[in-house]
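Given next are the chains, with one letter for each unit.
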Amino acid sequence: MKPILKLYHQYESLVSYLFFGGLTTLINIVVFGWLNHHMDYTIANVIAWFASVVFAFVTNKLWVFNSKSMAVGTFLWEILTFFGFRALSLLVDQGIMVLGVSVLHGNPLIVKIIDQFVVVAINYVFSKWIIFRTNDQ
């Protein structure tokens, strides 16, 4: 049991990121899937992005990267960089969606699911190494 706990603690932020990232991705896909029936897929994608990014910010800050500081400067840095870098990944997200749906004529929901693998990887790098970095990284 000790080796398993040691391994967990060694990769705790990655395990937490995958768990909460999975929930964030689920929110993104569910919101997109529902909205896609009611509006253009590109607009549905942006709204789904916003809903999932709000959830992701809170979970990443508090539980994934354990950034407990609520100091104004720290909080502003984290929220502005978080949304800023997520906006960059939104550009990748939209690009994949347009390519997959408008150019290749794929099913929007299937393209969205595939697209999320790329977006989750990009977002992890941004969060781990830039937004919620600690002095020991």
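See above for the structure.
Here we summarise the structure given alongside this text. (Residues numbered from 1 in each chain as written. Predicted model: local features only at pLDDT ≥ 70, side-chain atom pairs only at ≥ 80, totals over all residues. Heavy atoms only, no water.)

Quick look at the packing of aromatic side chains
In this description, a pair of aromatic rings is defined by centroid distance and the angle of the planes. Using the following cut-off: Only Phe, Tyr and Trp rings take part, Trp by its six-membered ring, and two of them pair if their centres are within 6.5 Å. Stacked means planes under 30 degrees apart, edge-to-face means over 60, and tilted covers everything else. Strands are runs of DSSP state E lasting at least 2 residues, helices are runs of H or I lasting at least 4, and numbering of each runs from the N terminus. Throughout, exposure labels follow a simple rule: accessible area from a 1.4 Å probe, protein chains only, divided by the maximum for the residue type, with under 20% read as buried, over 50% as exposed, and the rest as partly exposed. Charges are assigned to positions over rings by a cutoff of 6 Å between ring centre and Lys NZ or Arg CZ, combined with an angular limit of 35 degrees from the ring normal.
The final tally for this structure, using the stated rule, is 8 aromatic pairs. Pairing Trp49 with Phe83 gives two aromatic rings, centres 6.4 Å apart and planes at 90°, and the pair type is edge-to-face. Placement of the pair is Trp49 in helix 3 (residues 41-64) and Phe83 in helix 4 (residues 72-103), with a sequence separation of 34 residues. The exposure class assigned to Phe83 is partly exposed, which follows from its relative accessible area of 22%. An aromatic cluster of at least three residues, connected via ring pairs, comprises Trp49, Phe50, Phe57, Phe75, Phe82 and Phe83. When the ring centre of Phe32 is taken as origin, the NZ or CZ atom of Lys112, which lies over that ring, is 5.6 Å away.

Things to note about the side chain of Glu78
Where we set the bar: As used in this structure description, the phrase polar contact means that two N or O atoms lie within 3.5 Å; if the pair is within protein, one of them must be able to donate a hydrogen and the other to accept it, and residues adjacent in sequence are counted only when both atoms belong to side chains.
Note on placement: Glu78 falls in helix 4. Residue classification places Glu78 among the buried positions, given a relative accessible area of 4%. One polar contact links Glu78 to Ser67, side chain to side chain, over a distance of 2.3 Å.

Let's talk about the environment of Leu23
Assignment of secondary structure puts Leu23 in helix 2 (residues 12-35). Counting along the chain gives 105 residues from Leu23 to Lys128, while the straight-line C-alpha distance between them is 18 Å.

Side note on the pattern of salt bridges
This is how it is decided: Here, a salt bridge means any side-chain nitrogen of Lys or Arg that lies within 4 Å of a carboxyl oxygen of Asp or Glu.
By the definition in use, this model includes 3 salt bridges. Between Lys112 and Asp93 there is a salt bridge, and its shortest N-O distance comes to 3.1 Å. Linking Lys112 in helix 5 (residues 108-131) with Asp93 in helix 4, this pair joins segments that are 19 residues apart in sequence. The exposure class assigned to Asp93 is buried, which follows from its relative accessible area of 1%. Among the ionic pairs, Asp115 bridges to Lys112, the shortest N-O distance being 3.8 Å. In this pair, Asp115 and Lys112 both sit in helix 5, 3 residues apart, roughly one turn of the helix. Given the relative accessible area of 0%, Asp115 is considered buried. By sharing partners, the salt bridges in this structure join Asp93, Lys112 and Asp115 into a single network.

Details of empty space enclosed by the protein
Rules: The way it works is a 1 Å grid over only the protein atoms, where trapped points that fit a 1.4 Å probe form a cavity and open points with protein on both sides within 12 Å along at least five of seven lines form a pocket, and then any residue with an atom within 4 Å of a point lines it. Grid points are joined across faces, edges and corners, and a volume is the space filled by probe spheres set on the points. Residues are sorted three ways: Asp, Glu, Lys and Arg are charged, Ala, Val, Leu, Ile, Met, Phe, Trp, Tyr, Cys and Pro are nonpolar, and all the rest, Gly among them, are polar.
Under the defined criterion, the tally for this structure stands at 1 cavity of 30 Å³ or more. Looking at the largest cavity, its volume works out to about 170 Å³. In this structure, the largest cavity is lined by 17 residues; those nearest its centre are Thr24, Arg86, Gln116, Val119 and Asn123. Mapped onto the lining of the largest cavity, the elements with two or more residues apiece are helix 2, helix 3, helix 4 and helix 5. Of the residues assigned to the lining of the largest cavity, the class counts are 6 nonpolar, 9 polar and 2 charged.

Function cannot be inferred from these measures alone, as they are strictly geometric.
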